[in-house]
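This is what each chain is made of:
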Amino acid sequence: MMKFYKRTPVTVNPVLVHPAERRVALNGSWQFRLDPADKGLSEGWQNLGQFTDKIEVPGTWQGQGFGGDDVELPWNNGLPARTLRATYTGTAWYSKRFKIPDEWQRLRVWLNFGGVHPSADVWLNGIKLGEHHGAPFVPFGFEITDAFSADADNLLIVRVHEKGREMGLAYNYQGNWSGLYRGVELTATGPSFLEEFWVHPDVDQERLAIKARIADLDSSGESLTLRISAQPVGQASPAVTTEVPVTSGRTELSLSVRSPELWSPDAPNLYRVDAVLAQGGQVLDSLTERIGFVKLTTEGKHFLINNEPYFIRGTGDFVSSPETGAPDTDRDRWRKKLSTLREYGYNQVRCQSFVYTPEYLDVADEVGLLVQSEMGMLGGWGQQTIWHVQQWPQPTPNNREALKWQWDQVVKRDVNHPSAIIYCMSNELGANTLYPRIAWQCYRDTKAIKPSAFVIWTDGGWNEDLPGEFVNAEASDALSRSGVDNRTKKPLVQHEFRWWVSYPDVRIIHKYSGAMRPFAAEIAFEAAARHSLSHVLPQAAAMSQRLQWVEAKGKMEACRRDSPRLAGISHFQAMDLNMSPQGIFDEFYERKYADSSLWLETNGDTVILSSLGFDDRVLSAGDTFHCGLSVSDFSHPAFQRPVLEWKLIADDEVLGSGQITYPHQPYEACPAGHVEVIIPDIAGARAAKLQTALREGQRVVTNHWDLWLLPKEIQLPASLSIYGKPEHTWLKSVTSLPVAEPAEIEKARAVLTERIDDTLVEFARKGGRVILAASEGLLRPFFHRRMTEKERYFFGFTANDPPFEHGHTGTIITDHPMLGDLPQEGFADLQFFRLIGDSAPLDLEPLGLNSGEPVIRVMHSYPACRPLGYLVECSLGQGSFILCALKLDQSLPEGRYLLAQICSYAVSDASQPMLELSDDAITSLIAGTKIP
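Everything quoted here is computed from the prediction, not taken from an experiment.

Q: Can you walk me through the sheet that holds strand β6 (residues 108-113) in this structure?
A: Hydrogen bonding along the main chain pairs the strands of a sheet, whether they run parallel or antiparallel. If you walk across this open sheet you meet the 5 strands as β1-β10-β6-β13-β2, and the pairing is antiparallel. Lying at the two open borders of the sheet, with one neighbouring strand each, are β1 (6-7) and β2 (23-25). Both β1 and strand β10 (residues 140-143) contribute to a ladder of 2 bridges, which runs antiparallel. Across the sheet, the residue bridging to Arg7 is Gly141, located in β10.

Q: For this particular structure, what's the right way to read helix α5 (residues 519-530)?
A: Residues spaced three or four apart along an α-helix point in a common direction, a consequence of the helix completing one turn every 3.6 residues. An ideal rise of 1.5 Å per residue puts 16 Å on 12 residues; α5 measures up with 17 Å between its terminal C-alpha atoms. Lining the buried residues of α5 we find α6 (537-562). Immediately beyond the C-terminal end of α5, within one or two residues, lies Ser532, with a positive phi of roughly 60 degrees.

Q: Whenever I open this one, the pairing of strand β8 (residues 119-124) confuses me. Can you help?
A: Side chains on a regular strand alternate between the two faces of the sheet. Across the 6 residues of β8, 6 count as buried, placing the element largely inside the fold. Side chains of β8 alternate between two faces, with Ser119, Asp121 and Trp123 and Ala120, Val122 and Leu124 buried alike. Two strands pair when backbone bridges link them, and β8 and strand β11 (residues 154-161) are joined in this way by 6 bridges, in the antiparallel orientation. Residue Val122 lies in a different strand from β11, and its bridge partner there is Val158. Where β8 folds back onto strand β9 (residues 127-132) in an antiparallel hairpin, the turn is made up of 2 residues, including Asn125, whose phi is positive at roughly 55 degrees.

Q: Would you mind showing me how to read the nonpolar core here?
A: In terms of nonpolar packing, the biggest core is built from 111 residues, with Leu338, Leu341, Trp407 and Met425 touching the most fellow members. It is α6 that provides the largest number of residues to this core, a total of 9 residues. Sequence-distant contacts of Met425, that is, excluding residues within four places in its chain, are made with Met375, Gly376, Met377, Leu378, Trp407, Ala439, Cys442, Tyr443, Val455, Ile456, Trp457 and Pro467. Membership of the second largest hydrophobic core comes to 73 residues, among which are Ala840, Val858, Ala885 and Ala900.

Q: Hey, could you run me through the packing of helix α3 (residues 400-413) against helix α4 (residues 436-449) in this one?
A: Helix-helix packing: each pair is described by the crossing angle between the helix axes and the interaxial distance. Close contact between α3 and α4 brings their axes to 10 Å; oriented N to C, the two are set at 25 degrees. Relative to α4, α3 is oriented roughly parallel. As for how α3 packs across α4, the hand of that crossing is right-handed. Packed against α3, whose contacting residues are Arg400, Lys404, Trp407, Asp408, Val411 and Lys412, the element α4 presents Ile438, Gln441, Cys442, Asp445, Thr446 and Ile449 at the interface.

Q: Would you mind going over the packing of α6 against helix α7 (residues 596-603) with me for this structure?
A: In contact at an axis separation of 9 Å, α6 and α7 are set at 30 degrees when each is read in the N-to-C sense. As judged from the angle between their axes, α6 and α7 are roughly parallel. For the pair α6 and α7, the contacting residues are Trp549, Ala552, Lys553, Met556, Glu557 and Arg560 in the first and Leu598, Trp599, Glu601, Thr602 and Asn603 in the second. Classifying every residue of the contact of α6 with α7 gives 5 nonpolar, 2 polar and 4 charged.

Q: Looking at this structure, how should I read the pattern of salt bridges?
A: Oppositely charged side chains may form a pair once their charged atoms are brought near each other. This model, assessed by the stated rule, comprises 55 salt bridges. Close ionic contact of Asp38 with Arg159 constitutes a salt bridge, the shortest N to O distance being 3.0 Å. One end of the pair, Asp38, is in the loop between β3 (28-35) and β4 (53-57); the other, Arg159, is in strand β11, and 121 residues separate them in sequence. When its relative accessible area of 40% is taken as the criterion, Asp38 is described as partly exposed. Under the relative-accessibility criterion, Arg159 is labelled buried at 7%. Here Glu653 makes a salt bridge to Arg686, at a shortest N to O gap of 3.1 Å. A residue pair is termed long-range when its members are at least 10 positions apart, and Glu653 in strand β38 (residues 653-661) and Arg686 in strand β40 (residues 686-696) qualify at 33 residues. Glu653 gets classed as partly exposed once you look at its relative accessible area, which sits at 39%.

Q: What am I meant to see in the environment of Gly568 here?
A: Here Gly568 shows up in strand β33 (residues 568-572). Through-space distance from the C-alpha of Gly568 to that of Arg313 is 5.7 Å; in sequence the pair is 255 residues apart. Not counting residues within four places of it along the chain, the set of residues in contact with Gly568 comprises Phe311, Ile312, Leu492, Val493 and Gln494.

Q: Looking at this structure, I do not really get the sheet that holds strand β18 (residues 249-256). What am I missing?
A: Taking strand neighbours across the sheet as the criterion, the 3 strands line up as β14-β15-β18 in an open arrangement whose pairing is antiparallel. Of all strands in the sheet, those bounded by a partner on one side alone are β14 (192-202) and β18. When the angles between neighbouring strand axes are averaged without regard to direction, this sheet yields 20 degrees.

So, how was this worked out
- Residues numbered from 1 in each chain as written.
- Predicted model: local features only at pLDDT ≥ 70, side-chain atom pairs only at ≥ 80, totals over all residues.
- Heavy atoms only, no water.
- Pairing = 2+ DSSP bridges.
- Helix = DSSP H or I, 4+ residues; strand = E, 2+ residues; numbered from the N terminus.
- Expected span 1.5 Å × (residues − 1).
- Contact = heavy atoms within 4.5 Å.
- Buried < 20%, exposed > 50% of the residue type's maximum accessible area, 1.4 Å probe, protein only.
- Core = buried A, V, L, I, M, F, W, Y, C linked by side-chain atoms within 4.5 Å.
- Axes fitted to C-alpha atoms, helices over the stretch in contact; angles between N-to-C directions.
- Parallel < 35°, antiparallel > 145°, perpendicular 65-115°, else oblique.
- Left-handed = near helix turned anticlockwise from the far one by under 90°.
- Nonpolar A, V, L, I, M, F, W, Y, C, P; charged D, E, K, R; others polar.
- Salt bridge = Lys/Arg side-chain N within 4 Å of Asp/Glu carboxyl O.

In structure tokens form, the structure reads like this:
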């Protein structure tokens, strides 16, 4: 049986091609056939001349419509979904006919595959070349010199099958896909060729340290020369060149590059490095690499890039490529997307449990992104919970070598990319691993291949005895139990912060014209239809995106403020995932609510930070507004002696302003000064804004925060009474109203109560209005999961993880007269935090209120999509019931003011079209408020 030399990793679809390279692409239309019964081998399909279907390579067959319309279970949240254009997990066959160029007849010819998932067997002209499995990230090739036909068509057959799917992990995050997802190419070399070519830019020594390995399987004995030249990309600078004699085996040489242009996120300067292997004047092999002079180090608690501190503003990525369904290889599309990442302030990407393609890294090189590649060297996620599903195999003796081989091959594949500079062995193993010796072996071997790389043993854990130049974990005790920042001397990057989601945006379904379906929106439509809420989904998307931005802004700034020595934040994440719309922009890297200038106020090099929490955004007349200001400055160059300006504005009126000079301290969150303003008397509610600007010369950085200003003294209407003794709700804080006995209720225009009985039902039928402080029997409580108490708000439900009944995703506020002049903007902003944060919403479906419009609607998690609300008005006879689940505590200015607005409406003659309460709903109200 013939054996064909297999090469890994090989280069496919390089961003630059040397003029002397011999390279032919086999991309485009191939013949194709599914094999659901897996009978192709036994029936000899490897010898068939053709298959009946046509498919494009590169690509995934499910994304091109091959398969059925079945659903599957994406592994993270387990929602049944048809995620791609078609669903099919199994075997399929590809075939392609090609001719070898005439000028290649006396050369060694290679067949190279950029990537296959899950695994492949390969035949040429009926001869099996070999197979590739358990390494979907690794490009591979076979020598076909002894198998190709020189003067006729050659028939290439590829069988793609399921073996080793678990080695892809997050490749399958949004459903199982398969196929030749990168290009296929032919190359040709002389008898000797460049097996490895690693370029290590040395910033301090101003040189390129080059390691080359020459493979000479023919061993003719003639002398070989290797010529290397380097010059800046896009510049007219002359190339620096060296030429040395070489023999087969490893060769190390150095090329001096004086005063090199350095690569960084701010200035991603690149160099072109050409290599030519020749013998007797004949070119045997050639290639072109693109490199960057970058030095990544740490000093104390800081990341240093080329000796300058950088704040790592990272994001997670779960291989979301809706156009292709597989990892995208379109550089132009990535240039648009990754440029958007940079415009929004991000300078690092963590590939969560996978590795992107070289095409992605090519563009990351160009735009200045640090990329953290992540392979499960230490096994699957350690916490076996509903959020941590075992995927990577453990590195036990039967798996260890395969895992390590894929790891090493990927490091070699990406060795010359300046962006591919961080490697991670696992996700969230916490404090320990069962395989510490393997972790240290992986660390040392990676450094031997790429000395400039950073390597960490886990993302989401801390153990000083395990390898890592930095720590990625929770930042402080305020955010978690770990408090790692105070216990490690290494730089700390805040782990996975923080998974806030918006609703699936049904308004952009038209964008999903490629491989992936808008399956989250489809799930939302199905759930909403069950509850007669489909009409709400467009507005739910818009309002939830606004609230998501508010939540992310407040928490991101607080994290940077409260951990002043923090080296960075890994925000999860910049872009949406289909099933989990958790991005600042959507899955296509296009704007949701916040544009880049708005998000840079929170995610820029330099950020002004306030001491405001979520529970101090409402002020009363006569209050003194206190607010501390800090500055986190990681700009290049840093500010020297800036002035911090502030002003508090209500409408167009400046209520207070000032300038602060302070001892500026870059590269940490530096206290700058204090704002103090006495709030003047006001007649009604006013929206206010604290605006700040940091100035030095022509440089300006801004930030702002929204507030409410409310009158100090608020009187409830005289024609109002409390019915019954309050025991369970905020109604106990209302002490200014008389208590009405059942016999006296007719004297009131409206009543407040926390219990409904027949007397109140009759009161409403005759024209009275009943304001119900709803409690447990009518509410839908939920557990706040994966969040600390300090972070309880709307997004207790994070990442759309199950169980879906727990949590919600924001609010929609109807323009209703009972809200009076409250300066709300259609959703419950942070000014509602104390009214909502600890309060469960009303469950409207048992009351038959699905189709009506609550005054304040709650958007339940989209897979459940039950009708919930915080404030609802329902008619009964000539009167109405106002059902309220808000915490209108009278110790809160917003509680006092909103209750006064509701009550003023209740005693007035104003009315708003509303639903009619049914007899069944009245029975439910009475029963729900009787719980002792």
